[in-house]
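# An overview of the molecular structure
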Amino acid sequence: MDTELAVIGAGAAGYTAAIYAGRAGIDAIVFDTGMGGGLSTWAPRIENYPGFPDISGVDLMDRMKEHAEPYADFHYNEEVTAIEPDGDGFKVTTAKNTYTAGAIIIATGTTPRQLDVPGENKLRGRGVSYCATCDGSFFTDKKVAVVGGGNSAVNEAIYLHGLGCNVTLIHRRDQLRAEEALAQEVDKKDIPVIWNTVVEEIRGDPVVETLALKNRKTGETTQQAFDGVFISVGETPQSSLATSLGIETDSHGYIQTDERQRTTVNGVYAAGDVTGDIRQIITACAEGATAALTSMHTLGKSYPF
Ligand code: NAP
């Protein structure tokens with residue numbers, strides 16, 4: 001085998017799996033399509049990760065990266081394109097090479113969900129963004145909308161407000177899904193919310209100029225001028241490597257695991273947001289640790305469970 005364990009994805013789950021694998025004497029390679037950190041690096045603010053009452057996503061993930069790197073061999077910018085059974089283990093094909101591994105941890109996370117409305121793709125990068133931390137500073141003193149009502153949307157709105165943007169939240173229902181403490185901050189900061197409203201089209205040429213909005217209760221349609229729109233309407237699991245191996249997912253595509261992070265294929269584990277359920281950094285870390293330690297069974301190593 002080229003490696004005992006292949007970890008796919010260097011986000012919170014993948015970094016923690018690497019730390020626990022290394023500490024347990026497991027030889028591991030961690031693959032990532034980019035430079036690591038995952039979607040957490042897009043979070044302007046992470047509150048209550050134990051030991052860090054308030055830290056930016058980039059800072060927390062940089063710390064995890066620095067902590068994890070001595071424990072495994074990190075292959076950044078190397079996308080895994082296929083995993084296949086191979087003898088007692090697996091063949092991992094990447095854009096650069098093929099590797100054999102005794103066990104696999106899939107920690108591929110999620111991608112931001114799109115609104116799927118006209119104008120969204122055309123104006124992506126021209127006022128349409130999925131990441132306030134990445135693009136917010138271009139919109140200081142400008143009028144921006146944040147679409148969504150969950151924790152991410154509210155955090156993005158608060159962050160953009162802090163950058164001096166003129167922010168409006170647009171939410172499809174009459175109540176935020178975000179935690180109460182975050183919802184209260186929206187009130188305190190006087191961030192206006194357009195309730196019961198969906199975006200039907202994003203218009204502008206060559207950049208965003210207006211949003212076509214529809215009130216779901218009254219059916220009324222309006223056009224409102226905005227310089228930018230931050231879309232924060234949830235996530236889609238990146239589980240195609242798992243499904244091509246025949247691993248079971250739920251109806252939304254999240255990988256099904258047991259309490260030890262085993263998937264329905266022996267020797268393959270999954271950890272972090274790609275497994276759905278409670279999607280928090282702390283649970284992703286816990287799942288990464290559990291998957292790494294449980295993989296010792298597959299690898300014929302003893303661990304005193
Ligand atoms: P989320 O909780 O799934 O919220 C998605 C929001 O987008 C919901 O308000 C939803 O509306 C809305 N939405 C979905 N599809 C839409 C569409 N087509 N058009 C308009 N609105 C649409 O997603 P998230 O905020 O990205 O959070 C993802 C996970 O990360 C959650 O588990 C969350 O708790 C966690 N998270 C935690 C923190 C934290 O501080 N602890 C921070 C960020 C994220 P409805 O409300 O009507 O469904």
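Residues numbered from 1 in each chain as written. Predicted model: local features only at pLDDT ≥ 70, side-chain atom pairs only at ≥ 80, totals over all residues. Heavy atoms only, no water.

### A closer look at the environment of serine 239
Relative to the elements of secondary structure, serine 239 occurs in the loop between β18 (235-237) and α6 (240-244). In this structure the C-alpha to C-alpha distance between serine 239 and tyrosine 254, which are 15 residues apart in sequence, comes to 6.7 Å. (Helix = DSSP H or I, 4+ residues; strand = E, 2+ residues; numbered from the N terminus.)

### Digging into the domain arrangement of the chain
The domain architecture assigned to the chain consists of domain 1 (3-112 + 235-298) and domain 2 (128-231). A C-alpha centroid distance of 32 Å is found between domain 1 and domain 2. If you look at the interface, domain 1 gives seven residues, while domain 2 gives ten residues. Of the roughly 710 Å² buried at the junction of domain 1 and domain 2 (both faces included), carbon and sulfur atoms supply 54%. The largest contributions to the domain 1 side of the interface with domain 2 come from Trp42, Pro44 and Arg45, which together make up 73% of the buried area. Counting every contact that joins domain 1 to domain 2 gives one salt bridge. In this structure, the salt-bridge partner of glutamate 185 is arginine 45, at a minimum N-O distance of 3.1 Å. Scanning the region where domain 1 abuts domain 2 turns up two residue pairs in polar contact (both at pLDDT 80 or more). For the side of domain 1 that touches domain 2, a count of residues per class yields four nonpolar, one polar and two charged. (Domains from an automatic or database assignment. Contact = heavy atoms within 4.5 Å. Buried area = accessible area lost by both parts, 1.4 Å probe. Salt bridge = Lys/Arg side-chain N within 4 Å of Asp/Glu carboxyl O. Polar contact = N/O pair within 3.5 Å; in protein donor to acceptor, adjacent residues only side chain to side chain. Nonpolar A, V, L, I, M, F, W, Y, C, P; charged D, E, K, R; others polar.)

### Some points on the side chain of threonine 16
You can see threonine 16 is positioned in helix α1 (residues 12-23). Each residue touching threonine 16, except ones within four places of it in the same chain, is listed here: Cys285, Gly288 and Ala289.

### What about the packing of helix α4 (residues 151-162) against helix α5 (residues 180-188)?
One can describe the packing of α4 onto α5 by two numbers: an axis separation of 10 Å at closest approach and a directional angle of 35 degrees. Crossing hand, α4 versus α5: left-handed. Of the residues in α5, those in contact with Asn151, Val154, Asn155 and Ile158 of α4 are Leu182, Glu185 and Val186. In the contact of α4 with α5, the residues fall into four nonpolar, two polar and one charged. (Axes fitted to C-alpha atoms, helices over the stretch in contact; angles between N-to-C directions. Left-handed = near helix turned anticlockwise from the far one by under 90°.)

### A look at the site of the ligand
Around the ligand, the surrounding shell holds 19 residues, and the nearest of these are Ser152, Arg172, Arg173, Arg177 and Gln280. Between the ligand and the protein, one listed contact pairs an oxygen atom with a side-chain N or O atom of asparagine 151 at 3.1 Å. In the model, a nitrogen atom of the ligand is placed 2.9 Å from a nitrogen or oxygen of the glutamine 280 side chain. The fraction of the free accessible surface of the ligand (910 Å²) that becomes covered by protein chains is 80%. Sort the elements by how many residues they give to the shell around the ligand and α4 lands first, with three residues. (Near = heavy atom within 4 Å. Areas by Shrake-Rupley, 256 points an atom, 1.4 Å probe, with all protein chains shown as cover.)

### Concerning the sheet that holds strand β17 (residues 228-231)
Taken in spatial order, the five strands of this open sheet run β10-β17-β11-β12-β13, and their pairing is parallel. Two strands lie at the open edges of the sheet, namely β10 (128-129) and β13 (193-194), each paired on one side alone. Relative to strand β12 (residues 166-170), strand β11 (residues 143-147) runs parallel, the two sharing five bridges. By the bridge assignment, valine 146 is partnered in β12 with leucine 169. (Pairing = 2+ DSSP bridges.)

### Quick word on unusual backbone geometry
With an omega of 5 degrees, the peptide bond between aspartate 205 and proline 206 qualifies as cis. Structurally, the position occupied by proline 206 is in the loop between β14 (197-203) and β15 (210-215). Positive phi, normally seen in glycine, also occurs at asparagine 196, with a value near 55 degrees. Looking at where asparagine 196 falls in the secondary structure, it is placed in the loop between β13 and β14.

### A word on the sheet that holds β15
Adjacent strands of a sheet form backbone hydrogen bonds with each other and so pair up, either parallel or antiparallel. Taking strand neighbours across the sheet as the criterion, the three strands line up as β14-β15-β16 in an open arrangement whose pairing is antiparallel. Bordering the open sheet on either side are β14 and β16 (221-225), each of which pairs with just one other strand. Along the sheet, successive strands turn relative to each other by an average axial angle of 30 degrees, direction set aside. The sheet contact formed by β14 and β15 spans six bridges and is antiparallel. Counterpart to glutamate 201 in the pairing with β15 is alanine 212.

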